[in-house]
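Listed below, chain by chain, are the residues.
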Amino acid sequence: MNGAVRAVVRAAIAKGCTPYAIYEGYQGLIEGGSMMKQMRWEDVRGWLSEGGTLIGTARCAPFRERWGRLTAAKNMIVNGIDALIVCGGDGSLTGADLFRSEWQGLLAELVSTGELTEEQVQGHEHLTIVGLVGSIDNDMSSTDATIGAFSSLSRICQSVDFIDATALSHSRAFVVEVMGRHCGWLALMAGIATGADYVFIPEQPPNSKTWGDEMCAIVHAHRKKGKRKTIVIVAEGAIDDQLNPVTAEDVKLLLVNKLGLDTRITTLGHVQRGGSAVAYDRMLSTLQGFDAVDAVLESTPETPSPMIGITENKICRKPLVESVALTQSVATAIKNKDFQKAMALRDTEFEEYYRAFLATTIIDDESLKVPEEKRLKIAIVNIGAPAGGMNAAARAAACYCLSKGHTPYAIHNGFTGLSRHDSVRELNWLDVDNWVIRGGSEIGTNRNLPDVDLGMVAYYFQKYSFDGLMIVGGFEAFISLYQLEQARVNYPAFRIPMVCLPATISNNVPGTEYSLGSDTCLNALVDYCDVIKQSASATRRRVFVVEVQGGKSGYVATYAGLCVGALAVYTPEEGISLRTLENDIVHLRESYAQDQGQNRAGKLILRNEKASKIFTTELIGDIIREEAKNRFDARTANPGHLQQGGIPSPMDRLRATRLAVKCMQFIEHNQETDIGKRGLAPESASVIGILGAKVVFTGVKYLYDHETELQNRRPRKTFWTTMKTVSETLSGRPPVSV
């Protein structure tokens, strides 16, 4: 929420508006006075890394009454305010839209009673409302994510990861209760991201008579395979199909009495709300807050109140009233036992994740397996540098294959391992079960391409009769897929469906705006930069120049700069000039002169490792120190391979699972069509990616020919340009004069 407030305040000032912060929610509107504070640029410095909400929040019964809204309207007019950006849940947003619908009537009443004059209300005849959804439950329809949801999920996954070690050591079962009274998003996503055995969510309640047997059957099957631990995630609002509550205690009793498992209950409670926001929430709140100001300025009296949401990677505006109505209808559908409708009212991504969880959890169910003649041998290989989510992708692909009756194979140590050591191993369920939480690459990875020995690669493809291939990795994985596709003319073994799942911290693979590992990298960078800023803030007059990875793609530097509030970001796409440095040093001087050392927030400049051959990180630090003339100091920092991250972030685990399952379905589909049988059509060798609001498969040949800068190892289009513009606007960085 603090990131949203910061973005709204600074975007409003940058666009010539006057921002106010209303303290303690709607209560502040009613009390007025000091609870409605005009905000300055410096007031929100350092807010990105702060947890909770620094302007407070509170439930306000008086605002539900007309007299309360009447008082709020008066206080707004007195302060010259006629636009509200509200960050909250469906109740807060519903109240805001009601306020808007009554606005003219409220003003008329205030004038008629003499509380306000005609002159005071003139020019404020219409109230503009824009909604931002702040909810850890992620329970708002029409958006894929709400502000705070991924930070909460991160707390849950971290807790379950810690519990996992104890469960494994003692061969115990743990029942973990998470928040989610009417929405199972946290429980479901935590189940996927931690490799849980079973989840209970309100939208998909189990059969009231058989759920105990069904859960115990799955847990028993996992134990029989050799699994030493059991994790069951229960949403606090979990029910059965007769609307009876399913509690953590109920689950524990069944695991103890039916399976004889030593079982513990962990209720995470409000720890799920705490802590600093993760990178994704900082990005989401910042971009949505920035867009909210634009929505206010573009609004007309006839424009329906918008809610700022996100679909896949695209910030979008949805009608607020309709979104709230859809959200509330989920609870109604559950109450009416229309669970199919409840699932349909969630976004399509939610249902896909639920199916992916089932496909990677239920094993040895013959009813799920395809006929013998349609069972495939599918190879999985990692190419390029390690990236968070690689293991989760391999696990999801292998589990999906096993649930469908296919045979998954791992090619260890890339194409060199295959061509030199015949490094093919069949995967079983127990091999991969715990991979979802592991960083690095369990099957090994390197940067060597298949052209190291295409003939031997083809020989082993033919030897094992592979029917499909999933390549997980970065730019080298993309080039590998292209080489295999081009070699089909000479090597029939490559005439099979093949797909590349991008996984690289640089996020530089053509055909996608997201790569596995990029979120893990950004979280590592955000944590690192928060510590660096703390050091900088202690001296009051120090700027750190931080070098970040990313090759010749400025994505990581730009995204991290947005998330940590960097004063400037240097990328390879724009390069660094003397004029740019001069401009930024002048800006630094002015900034330090303005706050006179009173502000505790440190200052950062991020430089991509390939931004310039001449202006290195150390040289930039030296130049700043020299030009500062002892008015402030500069230091350099390089997080290095820390950026590859340790344990993958929940987002990378989730998307790895979802996209890997889609890759397996792509291979299945192409095997069943003429495309797959011919094996020569470009579409049967594709890159899976998230582009805007969609998950798409794009032929690798098309991407190679039309959308790739080979020399710079990056896509031709920089989809994150808007992010850089927002970052520079909110940092106050002045444009470089020509």
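This text goes with the structure placed above it.
Small disclaimer: the values here were computed from a predicted structure and weren't measured.

## Some remarks on the pairing of strand β21 (residues 694-699)
And then number 1: With six bridges connecting them, strand β20 (residues 685-691) and β21 associate as antiparallel partners. Looking at the pairing, S686 lines up with G699 of β21.
And then number 2: The hairpin turn running from β20 into β21, its antiparallel successor, is two residues long, and G692 in that turn takes a positive phi close to 60°.

## Observations regarding the packing of aromatic side chains
And then number 1: Tallied over the entire structure, the rule returns 20 aromatic pairs.
And then number 2: Note on Y459 and Y460: the rings are 5.0 Å apart at their centroids and 70° apart in plane angle, and the pair reads as edge-to-face.
And then number 3: Residue Y459 is classed as partly exposed on the basis of its relative accessible area, which comes to 45%.
And then number 4: Ring geometry for Y491 against F494: centres 5.6 Å apart, planes inclined by 55°, an arrangement best described as tilted.
And then number 5: A residue is classified by how much of its surface remains accessible, and Y491, at 26% relative accessible area, is partly exposed.
And then number 6: Under the relative-accessibility criterion, F494 is labelled buried at 0%.
And then number 7: Taken together through their ring pairs, the aromatic side chains of Y409, F461, Y464, F466, Y491 and F494 make up a single cluster.

## Overview of the sheet that holds strand β5 (residues 173-178)
And then number 1: Taking strand neighbours across the sheet as the criterion, the four strands line up as β6-β7-β5-β8 in an open arrangement whose pairing is parallel. Bordering the open sheet on either side are β6 (198-200) and β8 (263-267), each of which pairs with just one other strand. When the angles between neighbouring strand axes are averaged without regard to direction, this sheet yields 15°.
And then number 2: With five bridges joining them, β5 and β8 adopt parallel strand pairing. Looking at β8, one finds that A173 is bridged to T263.
And then number 3: Against the sheet, helix α6 (residues 149-170) makes contact with β5, β7 (230-235) and β8, and its axis sits at roughly 165° relative to β5, the strand it touches most.

## What to know about helix α17 (residues 454-464)
And then number 1: Residues V457, A458, Y460, F461 and Y464 constitute the buried set of α17. Projected down its long axis, α17 shows its buried positions confined to an angular sector of 165°, all on one face.
And then number 2: Those residues of α17 that are buried lie in contact with β11 (377-383), β12 (407-411), α15 (414-421), β13 (424-426), β14 (468-473) and α18 (475-486).
And then number 3: Once α17 finishes, S465 follows within two positions and takes phi at roughly 55°, a positive value.

## Here we look at unusual backbone geometry
And then number 1: The backbone phi angle of L243 is positive, close to 70°, even though this residue is not glycine.
And then number 2: When its relative accessible area of 30% is taken as the criterion, L243 is described as partly exposed.
And then number 3: One non-glycine residue with positive phi stands out, namely D364, at about 60°.
And then number 4: Its location among the elements puts D364 in the loop between α13 (348-361) and β11.

## Description of the pattern of salt bridges
Pairs can form between side chains of opposite charge whenever their charged atoms are close.
And then number 1: In this structure the tally under the stated criterion is 42 salt bridges.
And then number 2: For D213, the salt bridge identified is with K258, shortest N-O distance 2.1 Å. Taken together, the positions of D213 in helix α8 (residues 211-224) and K258 in helix α9 (residues 248-259) put the pair 45 residues apart, joining distant regions of the chain.
And then number 3: Of the residues examined, D213 reaches a relative accessible area of 44% and is grouped as partly exposed.
And then number 4: Taking the shortest distance from any N to any O, the salt bridge between D705 and K701 comes out at 2.9 Å. Taken together, the residues D705 and K701, both in helix α25 (residues 700-706) and four residues apart, mark about one turn of the helix.
And then number 5: Under the relative-accessibility criterion, K701 is labelled partly exposed at 31%.
And then number 6: Salt bridges linked by common partners bring E312, E349, E352, R658 and K662 together as one network.

Rules used throughout
- All chains use their own residue numbering, which begins from 1 and follows the written sequence.
- The model is predicted, so local features are restricted to residues of pLDDT at least 70 and side-chain atom pairs to those at 80 or more, both for listing and for counting; the totals for chains, interfaces and linings are taken over all residues.
- Only hydrogens and water are set aside when side-chain values are computed; all heavy atoms of the structure are taken into account.
- We treat two strands as partners when DSSP finds at least two bridges between them.
- Labels follow the DSSP assignment, with helices taken as runs of H or I lasting at least four residues and strands as runs of E lasting at least two, numbered in each case from the N terminus.
- Aromatic rings from Phe, Tyr and Trp, taking only the six-membered ring of Trp, are treated as a pair when their centres fall within 6.5 Å; an angle between ring planes under 30 degrees marks them as stacked, one over 60 as edge-to-face, and anything in between as tilted.
- The rule is simple: take the accessible area with a 1.4 Å probe, protein chains only, and divide by the maximum for that residue type; under 20% is buried, over 50% is exposed, in between is partly exposed.
- Lines fitted to C-alpha atoms define the axes here, with helix axes fitted over just the stretch in contact, and angles between the N-to-C directions of these axes take values from 0 to 180 degrees.
- Contacts are assigned to residue pairs with any non-hydrogen atoms lying within 4.5 Å of each other.
- Here the arc refers to the set of directions running from the helix axis out to each C-beta atom.
- Definition used for salt bridges: Asp or Glu carboxyl oxygen within 4 Å of a side-chain nitrogen of Lys or Arg.

That is the geometry; function is a separate question.
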